[in-house]
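Structure at a glance
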Amino acid sequence: MTATQLPPGARVYFPRGSALDVLRCKVDEFMLDGPAGTGKSRVCLEKLNALAEKYPGCRLAIVRKFRAAITETALVTFEQHVKPACDTKNQQRRVRQSYEYPNGSEIVVAGIDNPVKLMSAEFDAIYVQEATELSLNDWEFLSTRLRNGVIPYQQLFGDCNPGPPSHWLKKRMDAGLTTRILSRHEDNPRLFTSRGELTPFGTSYLARLDKLTGPRRDRLRHGKWAAAEGMVYDAWDDGVHLVDPVPIGPTWRRFVVIDFGFTNPFVCQWWALDPDGRMYRYRELYRTKRTVREHAAQIRTLTQGERIEAWVTDHDAEDRATLEQELGITTIGADKAVSRGIQGVNDRLVPAEDGRPRLFLFRGALVERDPLLVDEDTGLSEKPTCTEEEIDGYVWAKGTGGETLKEHPVKENDHGMDTLRYAVRYADGHGKEETSATGTMAAATAAVQALRNLQRR
């Protein structure tokens, strides 16, 4: 039967290439690995649905690092394309607990950030969306939940876009512990016809990917596990420095660092210092096209009840004055020394004598993803949407002869990097206002003038 002969309302899905490999795969664990837009999530959800329908009473799960991230990704695809007639019991997607089937099968929805539903449960198969977000401990924990025994084989599988070559998942696949299934753009019927010709949507989509630069292009366009050449922070390791949130002790020092922006992102980072002097970024705003007053209102709400010892900001006099007026605070001008700031960050990234670095970023610290930085049709962003997404592309400039200029990082997509430098300089005792009389007077004069400008509006 062809697609035109199907009854009205019938669901159409014609898997090919790697998608067929996924549906047929019965190994203990596998990973569907490839560039963006190859249809990875769709076929993984199709596999879960097929298992639920074939094996009555089986228990399956859709998992991601953070439960909130599933709402507008996997669940939208599942409800709109995979099982559009499913009984959702009038629940909204953001609070969806599970999908129940007439034959007694169930697909549970959960996040590692709130693993209560996973800890005591038993499953036949677990699908992990964007598996690179997980730690190795997360992955191994999920493997221990596979003991329900209804399906003849128990399986942990996931999809991912490539990350840095040092990622634990890449090493696990290279060692043969996780079977690797390579996904290609040609496997997605939305992008290529069965004859291998680009569709109109495929032409547009791949053109967007071609605009990406550096390691983001290597990974999302070409499916390579790549790192940028000439990274400024070559000591950075996602598996070491990007960590799950930990409780912030009542005696830890807290401070906020801000890099102003409107057309470019406004970046606000909340930092905590533990008693040993280690830095933890625990919250972040990274937004464009909002005024300082709008940001101040959100910052006030987010910071309610927290004792902030310092507000460190970029030097824009008018923006500083507005922020101080809206929040009722006094700001400190950031130490903007580039070379010394970069050295300070690198010093903290390198493990100390106890084997641990002194700078960490919490996963999931971003308060909200800026929709203006994301293509609404593809869900892709041509630019970073948070500080950790800037790190791979933060590279040293090249001279006319191709030599690396290690005193000059490329000034592009570096707003989180600037804020990070300011934070480290402050934590290391260098984030102070100008100490000379001339510098102090100049700063005070600029602030007064900015306030007068505000009052005239």
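Structure first, text after, so check above.
Please read all numbers here as calculations on a predicted model, not as lab measurements.

1. Details of the overall build of the chain
- Helix and strand counts for the chain come out as 16 helices and 16 strands.
- Counting across all 457 residues of the chain, residues that qualify as buried make up 50%.
- At a minimum sequence separation of 6, the contacts of the chain that also span at least 24 residues come to 68%.
- Looking at the chain as shown, the accessible area adds up to about 21,800 Å², and 50% of this sits on carbon and sulfur atoms.

2. Thoughts on the packing of aromatic side chains
- Taken as a whole, this structure holds 11 aromatic pairs when the rule is applied.
- A ring pair is formed by W139 and W168, whose centres lie 6.2 Å apart and whose planes are at 50°; its orientation type is tilted. Linking W139 in helix α6 (residues 136-143) with W168 in helix α7 (residues 168-174), this pair joins segments that are 29 residues apart in sequence.
- Ring plane angle 50° and centroid distance 4.7 Å describe the contact between F255 and Y426, whose orientation is recorded as tilted. Pair noted here: F255 is in strand β9 (residues 253-259) and Y426 is in helix α15 (residues 415-427), with a separation of 171 residues, a long-range link.
- Exposure remark for Y426: the relative accessible area of 12% places this residue in the buried category.
- Members of the aromatic cluster, joined through ring pairs, are W252, Y280, F360 and F362.

3. Some points on the layout of surface pockets
- Of the volumes computed, that of the second largest pocket is approximately 410 Å³.
- In terms of lining residues, the second largest pocket is bounded by 21 residues, among which T213, G214, P215, G393 and N413 are the most central.
- Taken together, the elements giving at least two residues each to the lining of the second largest pocket come down to α9 (214-220), α14 (387-391) and β15 (396-398).
- Ranked by residue count, the leading element in the lining of the second largest pocket is α9, at three residues.

4. Points about the pairing of β9
- Across the seven residues of β9, six count as buried, placing the element largely inside the fold.
- Alignment of β9 against strand β10 (residues 266-273), held across seven bridges, turns out to be antiparallel. The residue bridging R254 from the neighbouring strand is A272, located in β10.
- What sits between the antiparallel neighbours β9 and β10 is a turn of six residues.
- Here β9 pairs with strand β12 (residues 310-313) via four bridges, running parallel. Within β12, the residue paired with V256 across the bridge is W311.

5. Things to note about the pattern of salt bridges
- Across all of its chains, the model carries 37 salt bridges by this definition.
- Residue D244 pairs with K65 through a salt bridge whose shortest N-O separation is 2.6 Å. A residue pair is termed long-range when its members are at least 10 positions apart, and D244 in the loop between β8 (242-243) and β9 and K65 in the loop between β2 (59-64) and α3 (67-70) qualify at 179 residues.
- Residue D244 is classed as partly exposed on the basis of its relative accessible area of 29%.
- R147 is the partner of E122 in a salt bridge, and the nearest nitrogen-oxygen pair spans 3.4 Å. Residue E122 is found in the loop between α5 (116-119) and β5 (125-128), and its partner R147 is found in the loop between α6 and β6 (155-160); the two are separated by 25 residues along the sequence.
- Judged by relative accessible area, which is 35%, E122 ranks as partly exposed.

6. Describing the sheet that holds β2
- With mixed pairing, seven strands are arranged side by side in an open sheet as β3-β4-β2-β5-β6-β1-β7. Both outer strands of the open sheet, β3 (98-100) and β7 (179-182), are each paired with one neighbouring strand and no more. The average undirected angle you get between the axes of adjacent strands in this sheet is 15°.
- Its contacts with the sheet put helix α2 (residues 40-54) on β1 (29-33), β2, β4 (106-111), β5 and β6, and the angle it makes with β6 is roughly 155°.
- This element, α6, spans β1, β2, β5 and β6 of the sheet and lies at about 145° to β6.

Conventions we followed
Residues numbered from 1 in each chain as written. Predicted model: local features only at pLDDT ≥ 70, side-chain atom pairs only at ≥ 80, totals over all residues. Heavy atoms only, no water. Helix = DSSP H or I, 4+ residues; strand = E, 2+ residues; numbered from the N terminus. Buried < 20%, exposed > 50% of the residue type's maximum accessible area, 1.4 Å probe, protein only. Contact = heavy atoms within 4.5 Å. Areas by Shrake-Rupley, 256 points an atom, 1.4 Å probe, with all protein chains shown as cover. Phe/Tyr/Trp six-rings, centres within 6.5 Å; stacked < 30°, edge-to-face > 60°. 1 Å grid on protein atoms, 1.4 Å probe; cavity = no way out; pocket = protein on both sides within 12 Å on 5 of 7 lines; lining within 4 Å. Points joined across faces, edges and corners; volume = space filled by probe spheres on them. Pairing = 2+ DSSP bridges. Salt bridge = Lys/Arg side-chain N within 4 Å of Asp/Glu carboxyl O. Axes fitted to C-alpha atoms, helices over the stretch in contact; angles between N-to-C directions.

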